[in-house]
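# Reading the structure
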Amino acid sequence: MSDSFKPTAIARAERAGADLRRGLPAIVAVSGGDFLVLAAEKADSATLSRLRERTGPLFLALTPERADTLKIRRYSEGAVLVPVTPETGLDDIAAAVDPADDLDHPLKGPYLAERDPGAARDAAVAGFALAKRMRLLPALLLQPIAQDDPLRADLLSVSAGDVAEAAREDWEGLERVVSARLPLDAAENARIVAYRPHGSAGQEHFAIVVGDIDASKPVLVRLHSECFTGDLLGSLKCDCGPQLRGALARIGREGAGIVLYLAQEGRGIGLLNKLRAYHLQDQGFDTVEANVRLGFGIDERHFALAARMLRDLGVARVRLLTNNPGKVAGLEAEGIAVEGRVPLVFTPNPHNEDYLRTKALKTGHLF
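Not measured: the values here are computed from a predicted model. (Residues numbered from 1 in each chain as written. Predicted model: local features only at pLDDT ≥ 70, side-chain atom pairs only at ≥ 80, totals over all residues. Heavy atoms only, no water.)

The subject of this paragraph is the environment of Ala-139. Its location among the elements puts Ala-139 in strand S5 (residues 139-144). The residues touching Ala-139, leaving out its near neighbours within four places in the chain, are Leu-38, Ala-39, Ala-40, Ala-61, Leu-62, Val-97 and Phe-128. (Helix = DSSP H or I, 4+ residues; strand = E, 2+ residues; numbered from the N terminus. Contact = heavy atoms within 4.5 Å.)

Here you go:
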């Protein structure tokens, strides 16, 4: 094959992630060994049987967040590895991975984690990143694979470095693709600017630019994570829809400003996993508890891509439309000067009162 068409590190990572989404294993190479990884939520009885027939220990890899929920003692950072024994059934794995029945069946295990997972821990951390990239639950079946294993011929191989490079490319390689006029109810003099990473198949993000931007003074800016349920369907469970429309109205009144519409649904976990979190909220868990029970961090978003979009638009100083001090800190950490915070507060309704209270108490939102 010509070198010009050899898959890049980013392409290898994305192909491996796509295989995980299809329910196929991939090989993750780390310093100290290579490992088969499989998205645990995609495992079926046939796959589990094939893995059991292989030589080498089989593990269920969980994030620290999910391990803490299951009361598993952690002996290492970043990942917890639980041996899959001959007695471990598919139902046991599903119960450990997916918290859908945590309330009905809170007692699981007992689980005994590996005290010294070694290189397997590093492979699990890289595998979690692949799973999150594909909007899967961050939980894996993991098994070492030898260099001479014939199975290698059928599987994609990716290094932990490839996975990290793909994540960086999502914002470092972000580039403007097209800009078009977009008259809005809130501002007829608006345009939309579309961005996507040049070297990867990462998410597309959009800037809604109203009026003529004067970058010599702080620009009124809203960072808005997409919310299908709130923005499009008018869900009453959150305040996303009112915040988006309120931000556009405020910017329209001022005559100039920017809304960055970022593909970071559900604080970065994706729409399907956000709906899983909604199912947990229906059982009585709050929004923070739900994300953690799924194995995610409280907030999986990052602000480097927002900063890159603002710089492309010639903006280095902003007045930020937000109730979230974390957004202020995140944007400033990426080199954008936040010279004022502009609140966006709306009257709560009976369906989102608890949600807003949780954001105030647990994530520091200011209302």
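What follows concerns the sheet that holds strand S7 (residues 174-181). Strand order in this open sheet of seven strands is S7-S8-S9-S11-S10-S12-S13, and the pairing throughout is mixed. The open sheet has two edge strands, S7 and strand S13 (337-342), and neither has a second partner. Across the sheet, the mean angle from the axis of one strand to that of its neighbour is 25°, orientation sign disregarded. Across three bridges, strand S10 (residues 219-225) lies against strand S12 (residues 317-321) in parallel orientation. Paired with Val-219 across the bridge in S12 is Val-318. Across the face of the sheet, helix H6 (residues 160-172) comes into contact with S7 and strand S8 (190-197) while running at roughly 35° to S7. Here helix H12 (residues 304-312) sits on the sheet and contacts S7, S8, strand S9 (205-210), S10, strand S11 (257-262) and S12; the angle it forms with S11, its principal contact strand, is near 140°. (Pairing = 2+ DSSP bridges. Axes fitted to C-alpha atoms, helices over the stretch in contact; angles between N-to-C directions.)

We now examine the UniProt feature "domain: GTP cyclohydrolase II" (unreviewed entry) in the protein chain. Here the UniProt feature "domain: GTP cyclohydrolase II" (unreviewed entry) sits at residues 175-343. The straight-line gap between the two end C-alpha atoms of residues 175-343 is 30 Å; of that span, 36% is helix and 27% is strand. (UniProt positions renumbered as here; feature names shortened; annotations may be inferred.)

Here we take up helix H4 (residues 90-97). Along H4, the residues that are buried comprise Ile-93, Ala-95, Ala-96 and Val-97. Packed against the buried residues of H4 are helix H2 (45-53), strand S3 (59-62), helix H3 (64-69) and S5. (Buried < 20%, exposed > 50% of the residue type's maximum accessible area, 1.4 Å probe, protein only.)

Following the sequence through the fold, Arg-168 ends up in helix H6. The exposure class of Arg-168 is partly exposed, given its relative accessible area of 37%. Between the C-alpha atoms of Arg-168 and Asn-323, which are 155 residues apart in sequence, the distance is 28 Å.

In this section: the nonpolar core. Across soluble globular proteins, you tend to see nonpolar side chains buried next to one another. Residues Leu-60, Leu-62, Ile-72, Ile-93, Val-97, Leu-141 and Leu-294 are the most contacted members of the largest nonpolar core, which totals 33 residues. Only strand S2 (33-39), H2, S3, strand S4 (80-83), H4, S5 and helix H10 (271-282) provide two or more residues apiece to this core. Ignoring any residue separated from it by four or fewer positions in sequence, one finds Leu-60 in contact with Ala-40, Val-80, Leu-81, Val-82, Val-84, Ile-93, Ala-96, Val-97, Leu-140 and Leu-141. The next biggest cluster of nonpolar side chains, apart from the first, holds 29 residues, and it includes Ala-13, Ala-16, Met-134 and Leu-140. (Core = buried A, V, L, I, M, F, W, Y, C linked by side-chain atoms within 4.5 Å.)

Turning our eyes to something else, we now look at the packing of helix H1 (residues 9-22) against helix H5 (residues 119-133). The N-to-C vectors of H1 and H5 enclose an angle of 75°; their axes lie 9 Å apart at closest approach. With respect to H5, the axis of H1 lies roughly perpendicular. Contacts from Ala-13, Glu-14, Ala-16, Gly-17 and Leu-20 of H1 reach H5 at Gly-127, Leu-130, Ala-131 and Arg-133. A per-class count over the contact of H1 with H5 returns five nonpolar, two polar and two charged. (Parallel < 35°, antiparallel > 145°, perpendicular 65-115°, else oblique. Nonpolar A, V, L, I, M, F, W, Y, C, P; charged D, E, K, R; others polar.)

Another point: the environment of Glu-53. Considering the arrangement of structural elements, one finds Glu-53 in helix H2. When the C-alpha atoms of Glu-53 and Leu-103 are compared, they prove to be 34 Å apart, with 50 residues separating the residues in sequence.

Once that is clear, we can look at the UniProt feature "binding site: Zn(2+)" (unreviewed entry) in the protein chain. Within this structure's numbering, the places UniProt gives as "binding site: Zn(2+)" (unreviewed entry) are Cys-227, Cys-238 and Cys-240. With respect to the element layout, Cys-238 can be found in the loop between helix H7 (228-232) and helix H8 (240-254). Residues contacting Cys-238, with those up to four places away along its chain left out, are Cys-227, Gly-230, Asn-352 and Tyr-355. Taking the relative accessible area as the measure of exposure, Cys-240 reaches 16% and is therefore buried. With residues up to four places along the chain from it excluded, the contact list for Cys-240 reads His-224, Cys-227 and Asp-231.

Right, let's get into the pattern of salt bridges. Scanning the entire structure with this criterion turns up 24 salt bridges. The salt bridge partner of Arg-319 is Glu-254, with a shortest N-O separation of 3.2 Å. Here Glu-254 lies in helix H8 and Arg-319 lies in strand S12, a separation of 65 residues in the sequence. Judged by relative accessible area, which is 23%, Arg-319 ranks as partly exposed. Residue class for Glu-254 comes out partly exposed when judged on its relative accessible area of 40%. (Salt bridge = Lys/Arg side-chain N within 4 Å of Asp/Glu carboxyl O.)

With that out of the way, let us pick up the state of the cysteines. Throughout the structure, instances matching the rule amount to zero disulfides. Take Cys-240: it sits in no disulfide, and the sulfur closest to it among the cysteines is that of Cys-238, at 3.5 Å. (Disulfide = S-S within 2.5 Å.)

Where H1 meets H6, the closest approach of the two axes is 8 Å, and the angle between their N-to-C directions is 100°. Considering their axes alone, H1 and H6 lie roughly perpendicular with respect to each other. Contacts from Ala-9, Ile-10, Arg-12 and Ala-13 of H1 reach H6 at Asp-162, Val-163, Glu-165, Ala-166 and Glu-169. Considered class by class, the residues forming the contact of H1 with H6 number five nonpolar, no polar and four charged.

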